[in-house]
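What follows is each chain in one-letter form.
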Amino acid sequence: MTRGDKVVLGAVVVLALAVFGYQGMRFRLMPPAQEAQVVVEVKGEVVETHPLKDLKAGGQWQVKGPLGYSVYEGGDNRVRMVSSPCPDKVCVKRGWISASGEAIICVPNQVVIHVEGHQEDEEGPDALTQ
Amino acid sequence: MRRNRLIGLVLTALIVVGISLAGCRVQERGPGGAQTALEVKRTEFMMDTVVTITAYGEAAPAAVEEALAEMARIADLMSAEDPGSEVGRLNAAAGQQPVVLSADTYELLALAQHYAELTDGAFDVTVRPLVELWGIGKKNEYVPDKARIAKAQALVNWRDLVLDPDTRTAYLKRPGMGVDLGGAAKGYAADRARQILAERGVESALIDAGGNIWALGRHPEGKPWRIGIKNPRPDHGGSVLAIVTSEDDTLVTSGDYERYFIKGGVRYHHIFNPRTGEPARASMAVTIIAKNSAQADILSTAVFVLGPDKGLALVEGLKDVGCVLVTPNEEIIMTPSAKQKVEIVREEGVASDTRR
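Along every chain, residues carry numbers that run from 1 in the direction the sequence is written. Labels follow written order: the first chain is A, the first ligand is 1, and so on. With the structure being a predicted model, the display of local features is reserved for residues of pLDDT at least 70 and the display and counting of side-chain atom pairs for 80 or more, all residues being used for whole-chain, interface and lining totals. Side-chain measures here rest on the full set of heavy atoms in the structure, leaving out hydrogens and waters.

(A) Inspection of the overall build of chain B at higher detail. Summing up its helical and strand segments, chain B has 10 helices and 18 strands in all. Per-residue accessibility, obtained with a 1.4 Å probe over protein chains only, is compared with the maximum for each type, and a residue is labelled buried under 20%, exposed over 50%, and partly exposed between these values. By the burial criterion, 55% of the 356 residues in chain B qualify as buried. When the accessible surface of chain B is split by element, carbon and sulfur atoms take 52% of a total near 15,100 Å². Counting from the N terminus, the helices are the DSSP runs of H or I reaching at least four residues and the strands are the DSSP runs of E reaching at least two. All accessible-area figures derive from a Shrake-Rupley calculation using a 1.4 Å probe, and residue coverage is judged against the displayed protein chains alone.

What follows is the structure, encoded as structure tokens:
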């Protein structure tokens with residue numbers, strides 16, 4: 001291999017890395033349009049994320065908060081809390097949520113389940129007043 | 001050999017151009033140029049709800065910390081549930097003596113009294129005895145009998161809350177009275193958070209205090225914010241009622257769906273009409289769009305209690321305030337200023353008259 005070949009080879013590698021890095025940055029800043037996500041938080045920390053459509057209707061999942069297990073259920077592109085160790089059950093009474101920005105909030109057990117759309121998605125609002 | 005070197009040079013040039021283009025791409029993401037990639041999102045439990053601040057830019061991390069700490073401070077001052085808070089101490093001293101308050105609590109009580117006067121008591125910050133009696137959203141919620149309602153209602157009267165600006169004190173004249181800032185403190189705290197974020201150089205942020213929204217500045221991509229208004233009956237037409245195109249606005253909603261129970265087919269919710277001692281029946285949901293969140297918080301409750309006619313007339317007389325009201329029949333009514341920003345997105349199938 002001549003020196004020129006090495007230069008070309010090195011240049012191709014650098015170019016590939018540059019393109020890769022650029023795509024990575026692009027991806028981080030502007031992920032492609034995607035469907036709504038269900039985000040589950042305990043004490044303000046995200047513990048689980050599921051695409052909303054992947055929560056099977058009737059399927060139940062549990063998440064542990066300071067008081068015990070909160071149980072949520074999926075159903076036809078929506079999600080609800082079905083049981084909770086909290087005294088007032090505000091979270092269970094909240095019923096189904098499906099739209100970006102909607103949230104089920106259990107203050108006593110410090111569990112939040114909310115639906116996040118994507119920023120590029122023109123349909124979903126940036127926040128929801130309720 | 002020479003040709004290879006030439007190819008190498010061309011490729012190197014291409015790479016340099018490629019990298020610099022990538023740099024531009026990052027910068028054009030927002031209004032402030034290079035500072036735009038950074039998003040900070042923090043959530044905390046306070047004020048009996050969840051507060052989330054999402055802020056953009058290099059100033060965001062420190063500013064969000066500070067804003068949340070300030071909101072927690074306000075929450076601690078104004079909780080009616082906590083006997084050690086300022087409001088707790090004021091309530092405990094009812095019928096006994098005036099209590100010296102912080103500038104924050106005093107200022108908010110004064111604002112509440114201003115709107116009590118303006119709404120002829122439709123907003124009444126001394127509503128605490130009714131809140132305690134009904135216990136809505138608590139374990140002991142129930143429908144009290146008429147005698148108990150009358151007894152609690154007799155203790156609700158904003159005129160018997162005396163404020164003295166010289167000593168910065170508040171005094172509840174009769175034992176058993178109580179102040180509840182549940183309809184104003186979240187708004188006040190959000191205003192403080194907005195102020196801190198702005199002072200620290202944040203140009204783009206969303207403060208969500210349990211559904212009270214402060215949309216600071218514009219979206220980081222330079223476009224206006226799009227804030228949804230929740231549909232009070234999501235089974236009729238989907239979860240979002242309307243989209244508000246917003247630049248530096250606060251949006252506060254009072255609805256009969258937030259905290260409630262249903263008994264005998266009747267919905268009992270957490271917004272009381274001081275006149276009847278029962279949950280207010282004139283509205284289903286009220287959203288206020290304004291530039292001051294404490295004001296918006298108070299007005300959303302006041303308009304909810306007053307209902308479409310008196311409520312919207314009140315708002316139309318105020319500067320920089322718009323209102324979207326859903327009637328008990330699920331009609332949507334808006335003030336002229338709101339109409340310019342609000343697009344109804346509720347799916348059809350229910351009444352959607354938009355008179356006014």
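(B) Representation of helix α8 (residues 293-306) of chain B. All names here are of chain B. In this model, α8 (14 residues) spans 19 Å end to end at C-alpha, consistent with the 20 Å of a helix rising 1.5 Å per residue. Among the 14 residues that make up α8, 13 are buried, leaving the element largely enclosed by the rest of the structure. Two or three places before Ala 294, at the opening of α8, Asn 292 has a side-chain oxygen 3.0 Å from that residue's backbone nitrogen. At the C-terminal side of α8, Gly 307 shows a positive phi close to 85°. Here the expected length of a helix is defined as 1.5 Å per residue gap, with one fewer gap than residues. The definition of a polar contact used here is a pair of N or O atoms within 3.5 Å, where within protein one atom must be able to donate a hydrogen and the other to accept one, and adjacent residues in sequence count solely through side-chain atom pairs.

(C) Spotlight on the sheet that holds strand β1 (residues 37-42) of chain A. Residue and element names in this part refer to chain A. Strands are labelled as partners when DSSP assigns at least two bridges between them. The strand order β2-β1-β7-β6 describes an open sheet built from 4 strands, whose pairing is antiparallel. With partners counted over all chains shown, the strands left at the sheet margins are β2 (45-51) and β6 (103-106), one partner each. Here the strands of the sheet are splayed against their neighbours by 15° on average, with no regard to which way each runs. Across 4 bridges, β6 lies against strand β7 (residues 111-116) in antiparallel orientation. From the neighbouring strand, Ala 103 faces β7, where its bridge partner is His 114. With axes taken as lines fitted to C-alpha atoms, and helix axes fitted only over the stretch in contact, angles between N-to-C directions fall between 0 and 180 degrees.

(D) Seen up close, the side chain of B:Glu141. Position of B:Glu141 relative to the elements: it lies in the loop between α5 (128-134) and α6 (146-153). Within the structure, B:Glu141 has its side chain in polar contact with the backbone nitrogen of B:Gly137 (distance 2.9 Å). Note on contacts: a residue pair qualifies if any of its non-hydrogen atoms lie within 4.5 Å across the two residues. The contact partners of B:Glu141, leaving out residues within four places of it in the chain, are A:Lys93, B:Trp134, B:Gly135, B:Ile136, B:Tyr260 and B:Phe261.

(E) How the structure looks around the packing of helix α4 (residues 103-118) of chain B against helix α7 (residues 185-199) of chain B. Residue and element names in this part refer to chain B. Contact geometry for α4 and α7: axes closest at 11 Å, N-to-C directions at 125°. With respect to their mutual orientation, α4 and α7 come out oblique. Where α4 crosses over α7, the handedness of that crossing is right-handed. Here Asp 104, Glu 107 and Leu 108 of α4 lie close against α7, whose contacting residues are Ala 185, Tyr 188 and Arg 192. Residues are grouped as follows: Ala, Val, Leu, Ile, Met, Phe, Trp, Tyr, Cys and Pro are nonpolar; Asp, Glu, Lys and Arg are charged; every other residue, Gly included, is polar. Classifying every residue of the contact of α4 with α7 by side-chain character gives 3 nonpolar, no polar and 3 charged. Working definition: roughly parallel below 35 degrees, roughly antiparallel above 145 degrees, roughly perpendicular at 65 to 115 degrees, and oblique for all remaining angles. Each crossing is labelled by how the near helix is turned from the far one, with a counterclockwise turn of less than a right angle marking it left-handed and a clockwise turn marking it right-handed.

(F) Here's a closer look at the nonpolar core. All names here are of chain B. Joining through side-chain atoms within 4.5 Å is the link that ties buried Ala, Val, Leu, Ile, Met, Phe, Trp, Tyr and Cys residues into a set, and such a set is a nonpolar core. Membership of the largest hydrophobic core comes to 73 residues, with the highest contact counts inside it found for Met 71, Leu 109, Leu 181, Leu 197 and Ile 288. Excluding its chain neighbours within four sequence positions, the residues that come into contact with Leu 197 are Ile 53, Ala 63, Val 64, Ala 67, Val 202, Ala 205, Ile 207 and Leu 216. If you look at the next biggest cluster of nonpolar residues, it comprises 22 residues, including Ile 229, Ile 289, Ile 332 and Val 342.

(G) Structural view of the sheet that holds strand β10 (residues 249-255) of chain B. Residues and elements named next belong to chain B. Spatially, β1-β2-β6-β7-β10-β15-β16-β17 is the arrangement adopted by the 8 strands of the open sheet, whose pairing is antiparallel. Strands at the two margins of the open sheet, each flanked by one partner only, are β1 (39-46) and β17 (332-334). Ignoring which end each strand starts from, the neighbouring axes of this sheet average 10° apart. Sitting on the sheet, helix α2 (residues 60-78) touches β1, β2 (49-56) and β6 (204-209), and the angle it makes with β1 is about 15°. Seen against the sheet, α7 touches β2, β6 and β7 (212-217) and runs at an angle of roughly 20° to β7.

(H) Spatial organisation of the packing of α7(B) against α8(B). Residue and element names in this part refer to chain B. Where α7 meets α8, the closest approach of the two axes is 7 Å, and the angle between their N-to-C directions is 160°. One element, α7, and the other, α8, form an angle in the roughly antiparallel class. In this structure, α7 meets α8 at a crossing whose hand is right-handed. In this structure, α7 uses Ala 185, Lys 186, Gly 187, Tyr 188, Ala 190 and Asp 191 to contact α8, whose residues at the interface are Ser 293, Ala 294 and Asp 297. Across the contact of α7 with α8, the residue classes break down as 4 nonpolar, 2 polar and 3 charged.

(I) Seen up close, the state of the cysteines. Residues and elements named next belong to chain A. Disulfide: a pair of cysteine sulfur atoms within 2.5 Å of each other. Scanning the entire structure with this criterion turns up 0 disulfides over all chains. Lacking any disulfide linkage, Cys 91 is separated from the closest cysteine sulfur, that of Cys 86, by 3.8 Å. Cys 91 sits in the buried class, given a relative accessible area of 1%.

(J) Local environment of the pairing of β6(B). Residue and element names in this part refer to chain B. β6 sits mainly inside the fold: 5 of its 6 residues count as buried. Here β2 runs beside β6; their pairing, made up of 5 bridges, is antiparallel. In the strand pairing of β6, Thr 52 is matched with Asp 208. Pairing analysis gives 6 bridges linking β6 to β7, with the strands arranged antiparallel.

(K) Focus on the pattern of salt bridges. One speaks of a salt bridge when a side-chain nitrogen belonging to Lys or Arg is within 4 Å of a carboxyl oxygen belonging to Asp or Glu. Applying the stated criterion across every chain yields a total of 27 salt bridges over all chains. Measuring nitrogen to oxygen at the nearest pair gives 2.5 Å for the salt bridge that ties B:Glu141 to A:Lys93. Taken together, the residues B:Glu141 in the loop between α5 and α6 and A:Lys93 in helix α2 (residues 90-93) connect one chain to another. For A:Lys93, a relative accessible area of 33% puts it in the partly exposed group.

(L) Main features of the confidence of the model for chain B. All names here are of chain B. The share of residues in chain B with pLDDT of 70 or more is 87%, and the mean pLDDT across the chain is 90. A low-confidence stretch, residues 19-36 (pLDDT under 50), is modelled with 27 contacts involving residues beyond four sequence positions or located in other chains. Throughout residues 350-356 the model reports pLDDT below 50, and contacts reaching past four residues in sequence, or to other chains, amount to 22 contacts. In predicted models, pLDDT denotes the confidence assigned by the predictor to each residue on a 0 to 100 scale.

(M) Region of the structure containing the confidence of the model for chain A. Residues and elements named next belong to chain A. On average, residues of chain A score 81 in pLDDT, and 79% of them reach the 70 mark or higher. Confidence scores differ between elements of chain A, with helix α1 (residues 3-29) showing the lowest mean pLDDT of 65 and strand β8 (residues 127-129) the highest of 95. Scored below 50 in pLDDT, residues 26-33 makes 10 contacts in the model with residues more than four places away or belonging to other chains.

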